[in-house]
Every structure is written in C-alpha cells, then in structure tokens.
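Coordinate inspection notes
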Amino acid sequence: MSGEGESSTAAAAGETAQRRKHKVIIVGAGMAGLSSANHLSKNGCTDFLILEGRNRVGGRIVSIDMGSQKIELGANWIHGVLGNPMFELAMQHGLVSIINIPKPHKVVAATEDGKQVPFQVLQEIYEAYVCFLRRCEEYFLCQYLPPPDIHSVGEHIRLEVDLYLNGVDCEKEKRVRQLIFECLLKRETCITGCHSMDEIDLLELGSYTELQGGNIVLPSGYSSILKPLCEHLPEDNVRLSCPVRKIHWKRKGAARRQAAAGVPVSANDTILEEDEDDDDGNESDDSDRTVTEVPIGGEQQQKETEPGSAGSAAADSLAHILKHSTANVVVECDNGTIYEADHVICTLPLGVLKEQGEAIFAPALPQYKMDSIESLLFGTVDKIFLEYDRPFLNAAISEIMLLWEQLPESSAAADTLDEEQRLKEQWFKKIYSFSKVSDTLLLGWISGREAEYMETLSHETVAERCTEILRQFLKDPFVPKPKRCVCTSWKRQPFSRGSYTAIAVGASQDDIDNIAQPLYSSPHQSKPSVLFAGEHTHANFYSTVHGAYLSGRTAAQILLTPDSPQEIVMESDSSDLSSWIQGIALD
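Residues numbered from 1 in each chain as written. Predicted model: local features only at pLDDT ≥ 70, side-chain atom pairs only at ≥ 80, totals over all residues. Heavy atoms only, no water.

**What about the overall build of the protein chain?**
Along its length, the protein chain carries 19 helices and 22 strands. Sequence-distant contacts in the protein chain: of pairs separated by 6 or more residues, those separated by 24 or more amount to 76%. (Helix = DSSP H or I, 4+ residues; strand = E, 2+ residues; numbered from the N terminus. Contact = heavy atoms within 4.5 Å.)

Spelled out as structure tokens, the structure:
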C-alpha cells in the first residue's frame, strides 16, 4: 500500500512539474478575457491560454431559461447604441433587430397601505429627481465646486429634495413625495452598484459616459453574444474550472532572488528588492529599494510543504521553475499545474482583487495599485425572479414601485437596532419595485448590505416574503405564491465577490487608471509583463460590458503593437467616443 502512496505522490509532483509555456496567459474568461483572446486570435496570435475558475465562460454574463423566457442573472442590457461595440457585435450576428419597438411601460407607485399615488405626482417627482441627478453630473463635467460639506451624490440630492419639498404646504402631500424620492434613490443604488448613494463621490458621478440609444435587451439572452467571441478561439486555448492561485511576475530580478531560497516565502518574511543598475538612468515607479511583503497561505501551506508530502514536491518543483525560468511570468493554478508566459492579462474582477489582490501576486502589487483597489467601490446588486402559473397583475401595469415607510435614521427605535438585527427585520425594504418580465414572471432588484443578507436566505424564504409584500402593496390577499423563485448571489460567488464598480467618496477616475496601469519587469522592457483588463479598468465605461470588452481589446492591442522607440501605438476607433472626442483639437 505504501508503494502506491509514494507513486501517487510522485505522479502529483510530476503533473506539477509539467511546464507549459505560452506567449500570453489570460486570467478569466469573462467579457474582458474573451475580448483579449478574440483580438489576439483575429490578429494571428494563437499562442495564448485562458484560465477560468468557473466551469463556463462569460463571467458576470449568464442567461438561463425560466419558463418560456430567457432571464439574465448578470448583465441585463446593452447600454446604448451609438458607438457601443456590443451593439455592433449583436447587429453583425443577427442577435438584435434594428426595429426595436419599446413595450408600453406603465408604472404605478403604492404605499404600504395599498394606496396608489396619482400618476401625475409620480411623473412630477421623477422629472425633478432626474433634474437633481443631472446637476450632480455637472460638477464633473463643468468643474463646479459643490456646497461646503457636501461630498456624496446622496447628500446633494437630499439637499435638493429638502429645498423642493419646502414648497409643499400639505404634510401628507409632502410625505408621499418624500417616499417617491427615497424609492428613486434605492433604484439608483442598483443602477450605480452601491449600498447607499451617500457612498458615491459627487465630483466623479459625471465621469461615467452614457452612450445614446437606451437599453437594449437581447431576445436570445445576453449569453448569446459570447458565441461570436468564442468561435474564433482554438478549443484547447481555454481551460475551465482552473482557478489561479498565484501570479509570479519578475520584477527586476526580485523573483529570481525569491526563488533562490528554494522554499516558499512564509507570511512573515519580507523580500528586500534591490533595483538593477539602470544604465540609462531610468527609475522605477518606486524608490531604489522597495520592501515588498508576499503573503502566502498560513497553516495549510505549512502542511503542504512538510518534507515527503506531495505539496513539498510541488513546492520544490515550483521553486525550481521560478529559479530557472526565462519567462516573465509564472502562473500557478489551484490544481498544481504551472504555466509560464511572456505576458499575463489579468481580468480578475475588482471584488476578487479586493479580497485576494494582496495574496495572488508575487511580488506584491505596487502600493499605489493596492490603494486604488481599496478606494474604489465594488457593490452588490442582486435580482429576485418570481415565476407564476397564471398572470395576476393588471395587464396594463408593467411595474409597481414600493413606497416603504422607513425608520428615521435618528429615531430611538433605529438606535436600538444593531445592523444585524435591522437587516434581519427590514432587508426586504430595499426592494424598490417589482417589474414584469412577462405576464407570469416578475423581477425585483435589491442592493448593498440588504442584498448580501438576502443571499444567506433560502429561495423559499425570499419567495414567502415577496408574496407578503405584493399582497400588502396591491391590497390583494389572493396574490398567489410563485411556483419558482430564483435569486442571484453575486457577493457570495468566489469568482466575482460583488456586481460592478462605482467611484466611492474620495476615489476618482485616477484610481481606475492606476489599476489599469500595466506592470513591467524592468524599465528596459518594451512590452509589459502583467496587463489588467475588466470593467473596473475603463475610466469612462466602468460597470458595463462594453467597458470590459474595450479594456480587453486594448490590453491585447498593446501586446500586438510592433515594438517602436518610446511609443505604443494604440488601436483607436469610434467605439470609444470619449477618446475620439479628446482627439479633436479645439481652437
């Protein structure tokens, strides 16, 4: 028996020792990763490998069948038509019709006692709210200075709301209008991707560029857009269910010295990096001597590297590869496989970088990058789908807005509720509406800490609560229970850890640019060792699929561009309107 154990250990070490060398490794098969791979492939570079942790491609794009409908668990719409590469791709492959007839959209708003608000009141408040939001965007676009002590979008809108409501004399009328404003702010948290609009930096709201043309739904599901991107990729170039554990990138010889020790660095050890002599006087982005901490898994790592264990053999093999590799980057996967590459395009979502960014890179990412990863927001937005046997909502109504009475922030009752208790008792009050996907399918949205709490509940519990809500707001005790309830869980998903990026108070577009900044192994290198892509790396289109697509294409383009002295020629087209506009010389 012991002989069998030894041979399996040797086999594991042998598997680990297999070296696979590629020109480019792409970490993640979401839109950014697929876009990079597609662009490389179309330009004649097929020496790349995509490593994806999930057992499917698409990342935060995932469509499933629910009844006769395609429903979107992730990305919902193509945001805008003019200059949107996703719309162009969808049109090119017949995934969307040119004639897009909007469905009749009748929204009703109801209070907790089931009373519907007159439509003209709802329209009046919505128009005022849109106006307030546009004013917030102007601070970025026109470089205005905000009022003193107003730093967030939420604070500014509440200031506007208070001024607006001062003109309403009747207390009852004032209260209803206040509730509509609060409901619209909850809706905004789902659009922006945050817990509260108080988290969103006022001066940066306008940095997001909205493309004209409205939101387009793909009838065959958003996932259908993945096919045209994958059809040019050689099948062997994609590894699914292959999470990346570590990205070892060489930094001026530091990685070589790290490997020379022959054993993995412990969590408490520190590598002192000394820059190589710069013949041309170029300096790195850090000082001449940089202290970099490289965290490695604690107890588990120790057990795995005990003498005689398979982990120890694997560690020795890894140390040997790191010491002798001529590649710029060595990528270590959870299954023990080790890949070498000249370049890595890292498309890990911001949520994953926040959680593992410190541990996944060796040497650690530069401090400016870690600070920016920390500064930006990666919020949670979840969906609740309710499927019914028969229609019950009035055929003319497409959405019901829920005007919840909230506990005032400063009330004694609110003070006595700790956050955990508050979430347990009131999580569902963050659902701002239920809208019809079809006559027998409703969709509710929820964001922030309440969404995270909902992810801990069973779908049955969520369905029961939603049924109570609908009965209450529709004043109809016979609203049926759904036959099926599907809830998303983007925060709990290990390969997303949230939904999408937003610019938090104190952060800026500079933080997005910092994360997008490629890493070079030395100042003399013509092409970077590590590049970054994903929606969180596009300064104008963050939080969107087209932002992810463009960032992935740009990363591939940097690697494809022929070496030229002191310049990198970037691909430019009308898809990125902001850069096109910036390219126009204005007198």
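That was the structure; now back to the text.
**Digging into the pairing of strand β3 (residues 63–66)**
Note that β3 and strand β4 (residues 69–72) share four bridges and pair antiparallel. Looking at the pairing, I64 lines up with I71 of β4. Connecting β3 to the antiparallel partner β4 that follows it, the hairpin turn spans two residues, and G67 within it adopts a positive phi of roughly 65 degrees. (Pairing = 2+ DSSP bridges.)

**A few points about unusual backbone geometry**
In this chain, A362 is followed by P363 through a cis amide linkage whose omega measures -5 degrees. For P363, the position within the fold is in the loop between β14 (361–362) and α12 (367–375). At K475, a position not held by glycine, the phi torsion is positive, near 55 degrees. Residue position: K475 is located in the loop between α16 (459–474) and β20 (484–487). Judged by relative accessible area, which is 58%, K475 ranks as exposed. With phi around 55 degrees, R497 is a residue other than glycine that occupies positive phi space. Inspection of the secondary structure assignment puts R497 in the loop between β20 and β21 (500–502). (Buried < 20%, exposed > 50% of the residue type's maximum accessible area, 1.4 Å probe, protein only.)

**Quick look at the packing of aromatic side chains**
Ring pairs (aromatic) are described by centroid distance and by the angle formed between their planes. Counted under the stated rule, the structure contains eleven aromatic pairs. Judged by centre distance (4.8 Å) and plane angle (75 degrees), the rings of W404 and F473 are edge-to-face. One end of the pair, W404, is in the loop between β17 (399–403) and α13 (412–416); the other, F473, is in helix α16, and 69 residues separate them in sequence. Taking the relative accessible area as the measure of exposure, F473 reaches 2% and is therefore buried. In textbook terms, an aromatic cluster arises when at least three aromatic residues are bridged by ring pairs, as seen for W404, W427, F428 and F473. Over the ring of F428 we find R465, and its NZ or CZ is 4.0 Å from the ring centre. (Phe/Tyr/Trp six-rings, centres within 6.5 Å; stacked < 30°, edge-to-face > 60°. Lys NZ or Arg CZ within 6 Å of the ring centre and 35° of its normal.)

**Details of the pattern of salt bridges**
For the coordinates displayed, the defined rule picks out 21 salt bridges. We note a salt bridge from K21 to D342, for which the minimum N-O separation is 3.5 Å. Of this pair, K21 sits in strand β1 (residues 19–27) while D342 sits in strand β13 (residues 338–346); the two residues are 321 residues apart in sequence, bridging distant segments of the chain. Accessibility expressed as a relative area gives 42% for K21, which makes it partly exposed. (Salt bridge = Lys/Arg side-chain N within 4 Å of Asp/Glu carboxyl O.)

**Focus on helix α5 (residues 153–165)**
The end-to-end C-alpha separation of α5 is 18 Å, in line with the 18 Å expected for 13 residues at 1.5 Å each. When α5 is considered as a whole, its buried residues turn out to be V153, G154, H156, I157, E160, V161 and L165. Relative to the axis of α5, the buried residues are bounded by an arc of 165 degrees and lie together on one face. Of the surrounding elements, those touching the buried residues of α5 are α4 (119–142) and α6 (171–192). (Expected span 1.5 Å × (residues − 1). Arc of directions from axis to C-beta.)

**Digging into the sheet that holds strand β6 (residues 107–111)**
If you walk across this open sheet you meet the six strands as β6-β17-β18-β19-β16-β20, and the pairing is mixed. In this open sheet, the two edge strands, each paired with only one partner strand, are β6 and β20. The mean inter-strand angle of the sheet, taken between neighbouring strand axes irrespective of direction, is 20 degrees. Looking at chain direction, strand β16 (residues 381–387) and strand β19 (residues 441–447) are connected through seven bridges and run antiparallel. By the bridge assignment, E387 is partnered in β19 with L441. The strands touched by α6 within the sheet are β16, β17 and β19, with β17 carrying the most contacts at an inclination of about 115 degrees. (Axes fitted to C-alpha atoms, helices over the stretch in contact; angles between N-to-C directions.)

**Brief notes about the nonpolar core**
In terms of nonpolar packing, the biggest core is built from 48 residues, with V153, I157, I180, F181, I200 and F385 touching the most fellow members. Where this core is concerned, the elements lending two or more residues are β6, α4, α5, α6, β16, β17, β19 and β21. If we skip the residues at most four places from it in the chain, F181 touches I125, A128, Y129, F132, V161, Y164 and L165. A32, L226, I345 and A556 belong to the second largest nonpolar core, which has 40 residues in total. (Core = buried A, V, L, I, M, F, W, Y, C linked by side-chain atoms within 4.5 Å.)

**A few points about the pairing of β16**
Of all seven residues in β16, seven are buried, a share of seventy percent or more. Note: β16 against β20, four bridges, orientation antiparallel. Considered in β20, the bridge of L386 is made with C485.

**Side note on α6**
Over its 22 residues, α6 extends 31 Å from the first C-alpha to the last, a length consistent with the 32 Å expected when each residue adds 1.5 Å. Among all positions of α6, only R177, L179, I180, F181, C183, L184, L185, K186, E188, T189, C190 and T192 are buried. Of the surrounding elements, those touching the buried residues of α6 are α4, α5, β16, β17, β19 and β21. Directly after α6, the chain includes G193, whose backbone phi takes a positive value near 90 degrees.

**With respect to the confidence of the model for the protein chain**
Predicted confidence across the protein chain gives a mean pLDDT of 85, with 79% of residues reaching 70 or more. Contacts of residues 1–17 to residues separated by more than four positions or lying in other chains number 13 contacts, the stretch itself having pLDDT below 50. Note that pLDDT drops below 50 for residues 253–307; the model gives that stretch 88 contacts with residues more than four away or on any other chain. (pLDDT = per-residue confidence, 0-100.)

**Quick word on the packing of α4 against α5**
Pairs of packed helices are described in terms of their axes, by the angle between the two and the distance that separates them. Across the interface, α4 lies against α5 with an axial gap of 10 Å and an inter-helix angle of 135 degrees. Relative to α5, the element α4 is oriented oblique. As for how α4 packs across α5, the hand of that crossing is right-handed. Counting all contacts with α4, which are made through E124, I125, A128, Y129, F132, L133, R135, C136 and Y139, the residues of α5 involved are V153, H156, I157, E160, V161 and Y164. (Parallel < 35°, antiparallel > 145°, perpendicular 65-115°, else oblique. Left-handed = near helix turned anticlockwise from the far one by under 90°.)

**Comments concerning the packing of helix α2 (residues 31–42) against helix α18 (residues 545–560)**
Axis separation between α2 and α18 bottoms out at 7 Å; the angle between their running directions is 40 degrees. Classified by the interaxial angle, the pair formed by α2 and α18 is oblique. Judged by the twist between their axes, the crossing of α2 over α18 is right-handed. Facing α2, whose interface residues are M31, A32, S35, S36, H39 and L40, α18 presents V545, A548, Y549, S551, G552, R553, A555, A556, Q557 and L560. Its residues assigned to classes, the contact of α2 with α18 comprises nine nonpolar, six polar and one charged. (Nonpolar A, V, L, I, M, F, W, Y, C, P; charged D, E, K, R; others polar.)

**Concerning the environment of A37**
One can find A37 in helix α2. Residue A37 is classed as buried on the basis of its relative accessible area, which comes to 0%. A sequence separation of 13 residues divides A37 from V24, and the C-alpha atoms of the two residues are 9.2 Å apart. Dropping the residues within four chain positions of it, A37 is found in contact with I26, F48, I50 and L233.

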